[in-house]
Amino acid sequence: MLAPVMQSRERMNAPSYDQILLWVTFILLGLGLVMVYSSSIAIAEADKNIGNQSTYYLIRQAIFICVGLVAGSVSFQIPIAWWQKMAPYLFLFGLFLLVLVLIPGVGRNVNGSQRWLSLFVINLQPSELMKLFSAMYVADYAVRKAPQMDSLLRGFLPMVLVMVLVGFLLLREPDFGAFAVIAAISISILWLGGINAKIFAGLLALLPVAIYALIWSSPYRLQRVIGFLDPWADPFGKGYQLSHALIAFGRGEWLGVGLGASVEKLLYLPEAHTDFLLAVIAEELGFIGVLSVLGLFVWVVIRAFGIGKEAVANERYFAALLAQGLGVWIGVQAIINIGVNMGVLPTKGLTLPLLSFGGSGILANCIAMAVLLRIDFENRRLQRGLPA
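Residues numbered from 1 in each chain as written. Predicted model: local features only at pLDDT ≥ 70, side-chain atom pairs only at ≥ 80, totals over all residues. Heavy atoms only, no water.

Draft legend 1. Broad picture of the pattern of salt bridges. A full pass over the atoms with the stated rule returns 9 salt bridges. Across the salt bridge formed by Arg251 and Glu283, the nearest N and O atoms sit 2.3 Å from each other. Highlighted residues: Arg251 in helix H10 (residues 240–252) and Glu283 in helix H11 (residues 277–313), separated in sequence by 32 residues. Note on Glu283: relative accessible area 0%, which makes it buried. Salt bridges linked by common partners bring Asp18, Arg303, Asp376 and Arg380 together as one network. (Salt bridge = Lys/Arg side-chain N within 4 Å of Asp/Glu carboxyl O. Helix = DSSP H or I, 4+ residues; strand = E, 2+ residues; numbered from the N terminus. Buried < 20%, exposed > 50% of the residue type's maximum accessible area, 1.4 Å probe, protein only.)

Here it is, written out as structure tokens:
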């Protein structure tokens, strides 16, 4: 008689959320803060516009993380049912922001890309929030349209038209990297949501054609691909950024040159604190540091799919698809950024989730991790016989 009582007591006393996943998130944020500071000291000291302050990016990143953690804490308190109810409206709000950023005089242009909205104190990048809103919207769509998912006209085509609109707006900025991530999130959720296998196979067959057309339709994308194929052919031009990233990886070897001892961050490697943060990690912390970062991201993705599987067992299909979609987002964006840093993929304007400098990215990532933890929290409550 004691065994059922003990099992019930253990179940009630078990953690109410995935504590390891939370700590992995904190570790990534903390490592990112340290590496952003290390990689940005030289560029901050050389920039007269910010008063040659060596701690400029450190302070801003710390503020971004604090804001992200507050937003994540609030998001964790919100039931998943509310996110499902608001998913279409959040998606429309994201579309509004994508249109707003393209209006001359409203959107802020940096290095030829018009991706930011000035909020006086910080700049908001709508494409980062759109990744979150897209995951929610497609998950909600797949649940609502479940009976029609086998239909090309009623199930698949409406979502394609919506994603084409999102892609058009993002490519106008241009932000091909964000579009690639959103497309991966949408396709994955549709597949997991039960889309017809023949339709999915046709979509996969068309993807290479679409990517080829996008590359050849834009001179700057074509130049990036050419520089990626042979960065050493023009190491001071098209291949400059990638060649210096590869030098950073080569200098790091197994254990790195030591924290703070990077040479490439001394104004050689552009965007060292944002898109190419992993190259600095590789140089200073070596192969072991890069492998540790990879391991942390693998853990996040595995847990996201595990949480999604548990939600399916509880018949919470929106929560399941959303959890897996968030896992795809973090995983795909990390893979693209790592691939770019290592010269496996052409250069994209994508940051390393939870690590790279950037307020919008940190905010969106923190909210995404909070929502993932909330799904796990509700799963555990249901397993204990409590209301979600």
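Draft legend 2. Local environment of H10. If you check H10, its first and last C-alpha atoms are 19 Å apart, about what 13 residues at 1.5 Å a residue would give, namely 18 Å. Of all the positions in H10, only Gln241, Leu242, Ser243, His244, Ala245, Ala248, Phe249 and Gly252 are classed as buried. Those residues of H10 that are buried are in contact with helix H9 (219–229), H11 and helix H12 (317–341). (Expected span 1.5 Å × (residues − 1). Contact = heavy atoms within 4.5 Å.)

Draft legend 3. Geometry of the side chain of Asp275. Here Asp275 shows up in the loop between H10 and H11. Buried charge Asp275 goes without a salt bridge, the closest partner of opposite sign being Arg115 at 6.3 Å. Contacts of Asp275, omitting those with residues within four sequence positions, involve Asn337, Asn341, Lys348, Gly349, Leu350 and Thr351. (Lys, Arg positive; Asp, Glu negative; His and termini not counted.)

Draft legend 4. Representation of the packing of aromatic side chains within the structure. One pass over the full model with this rule turns up 12 aromatic pairs. Taking 6.4 Å as the distance between ring centres and 75° as the angle between the ring planes, the aromatic pair formed by Tyr17 and Phe76 counts as edge-to-face. Here Tyr17, found in the loop between helix H1 (2–13) and helix H2 (19–46), pairs with Phe76, found in helix H3 (residues 56–76); they are 59 residues apart in sequence, far enough to count as distant. Residue classification places Tyr17 among the partly exposed residues on the basis of a relative accessible area of 27%. By relative accessible area, Phe76 is classed as buried at 19%. Among the aromatic residues, those joined into a ring-pair cluster are Tyr56, Tyr57, Phe64 and Phe357. (Phe/Tyr/Trp six-rings, centres within 6.5 Å; stacked < 30°, edge-to-face > 60°.)

Draft legend 5. A look at the sheet that holds strand S3 (residues 123–124). Strand order in this open sheet of 3 strands is S1-S2-S3, and the pairing throughout is antiparallel. Taken across any chain shown, the strands that pair with only one partner, and hence form the sheet edges, are strand S1 (107–110) and S3. As defined by bridge partners, strand S2 (residues 113–118) adjoins S3 across 2 bridges and the pair is classed as antiparallel. For Leu117, the partnering residue across the bridge sits in S3 and is Leu124. (Pairing = 2+ DSSP bridges.)

Draft legend 6. Focus on the pairing of S1. With 4 bridges connecting them, S1 and S2 associate as antiparallel partners. The residue of S2 that forms the bridge with Val110 is Ser113. Here S1 folds back onto S2, and the loop between the two strands holds 2 residues, one of which, Asn111, carries a positive phi near 55°.

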